[in-house]
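Okay, here's what each chain looks like letter by letter:
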Amino acid sequence: MKVCLDPGHGGYDSGAVGYGLQEKDITLDICLKLKPLLEYNGISTNLTRDGDYAPGHLEGNLNGELLARVDIAEKNQVDLFVAVHVNSGGGTGEEILVMGLGGRAETAANKVLTYLVQTGAWLNRGVKVQNVLVLKETSMPAILTENGFIDNMDDAVKLKDPSFRLALAVAHARGICDYFGVQYRVGGNDVLEVAVLLFSKEDYWCGADVAAKNGNCAIFVRPLDQSVPKEAMTAKMLIVIGGPTTKHPSEILLSGTNKYDTAAAVAKYLV
Ligand SMILES: [Zn+2]
């Protein structure tokens, strides 16, 4: 299983711009985050560019650098080509472009779109047919994801957040794994920087404040059996609100003998 990831634009071509963001930076960041996730799941991955330049270093030569992207996919004989872009021009949400319906590209597009729409709580704009050079000239199934609208404020706020871009990478990875029939494994670099673990839903009100203090990080609630969800345990830092220690190596334990003590520990942390 081989994939070619094509971060849209680059170098001389910023792509769409809005709210201080350039499309070329966002597409590259998503692809750089996505590559190790795919490789962790046994899918070898080539990039058409790994920095801020035009593929083939054909700066200013749009046709040439687009064909250079196709060339990289063909030379590596990949099974799937995935171009990553950000939309613009009025609208919101997620769509995926293919050259034609009814083939393997449409299958891949539907798999990836499902996860992308869930991730951003995006509006689902569907799988669309559009004549795009990199989709047309590649011999393997090829899709082009349009991840939100850079000139829409709500979408731009999301795209500006590195943890959201990681979530988009994970969504791409999950969809691509589904396409290849691979059971997605959490790992690689998609571990959370920080997570909050609640003893019960009752702790939510203070958990939300703690998460807000940590860049609106993920919040988990312990299941009734008191086990710790895997994504919480693999986070680089875990803030535990209520209940016993998880023995996480970088744990901050905000917990008392009753919920009032716990609330006091949280209040102290939030100061
Ligand atoms: Zn684009």
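The coordinates are above.
Residues numbered from 1 in each chain as written. Predicted model: local features only at pLDDT ≥ 70, side-chain atom pairs only at ≥ 80, totals over all residues.

Engineer: Explain the overall build of the protein to me, please; I cannot follow it from the model alone.
Structural biologist: Secondary structure assignment for the protein yields nine helices and twelve strands. Structurally, the protein occupies a C-alpha span of about 65 × 40 × 30 Å along its principal axes. Residues counted as buried form 41% of the 271 residues belonging to the protein. Residue pairs in contact within the protein that sit at least 24 positions apart in sequence constitute 69% of those at least 6 positions apart. (Helix = DSSP H or I, 4+ residues; strand = E, 2+ residues; numbered from the N terminus. Buried ≥ 20, exposed ≤ 12 C-beta atoms within 10 Å, placed from the backbone. Contact = placed C-beta atoms within 7 Å.)

Engineer: Would you take a moment to explain the packing of helix 7 (residues 204-213) against helix 9 (residues 259-270) for this structure?
Structural biologist: Running from N to C, helix 7 and helix 9 cross one another at 20 degrees; their axes reach a closest spacing of 10 Å. As judged from the angle between their axes, helix 7 and helix 9 are roughly parallel. For the crossing formed where helix 7 meets helix 9, the hand is left-handed. Counted together, C206, D209, V210 and K213 of helix 7 and A263, V266, Y269 and L270 of helix 9 form the full contact between these two elements. Partitioning the contact of helix 7 with helix 9 into residue classes produces six nonpolar, no polar and two charged. (Axes fitted to C-alpha atoms, helices over the stretch in contact; angles between N-to-C directions. Parallel < 35°, antiparallel > 145°, perpendicular 65-115°, else oblique. Left-handed = near helix turned anticlockwise from the far one by under 90°. Nonpolar A, V, L, I, M, F, W, Y, C, P; charged D, E, K, R; others polar.)

Engineer: Looking at this model, I keep getting lost on the sheet that holds strand 4 (residues 44-47). Mind explaining?
Structural biologist: Pairing in this open sheet of six strands is mixed, and the strands run 4-1-5-8-6-7 from one edge to the other. Only two strands of the sheet have a single partner each, and these edge strands are strand 4 and strand 7 (124-129). Each strand axis lies, on average, 20 degrees off the axis of its neighbour in the sheet, ignoring direction. Both strand 5 (residues 80-87) and strand 8 (residues 142-149) contribute to a ladder of six bridges, which runs parallel. Its bridge partner being in strand 8, A83 is matched across the sheet by L144. Each of strand 1 (2-7), strand 4, strand 5 and strand 8 is contacted by helix 1 (residues 23-40), which is oriented at about 145 degrees to strand 5, the strand it contacts most. (Pairing = 2+ DSSP bridges.)

Engineer: Help me understand the packing of helix 3 (residues 104-120) against helix 6 (residues 162-180) in this model?
Structural biologist: The axes of two packed helices give the description: the angle between them and the distance between them. Where helix 3 meets helix 6, the axes come as close as 8 Å, and the angle between the chain directions of the two elements is 150 degrees. Judged by the twist between their axes, the crossing of helix 3 over helix 6 is right-handed. Counting all contacts with helix 3, which are made through T107, A108, K111, V112, T114, Y115, L116 and T119, the residues of helix 6 involved are A167, L168, A171, H172, R174, G175, I176, D178 and Y179. Classifying every residue of the contact of helix 3 with helix 6 by side-chain character gives nine nonpolar, five polar and three charged.

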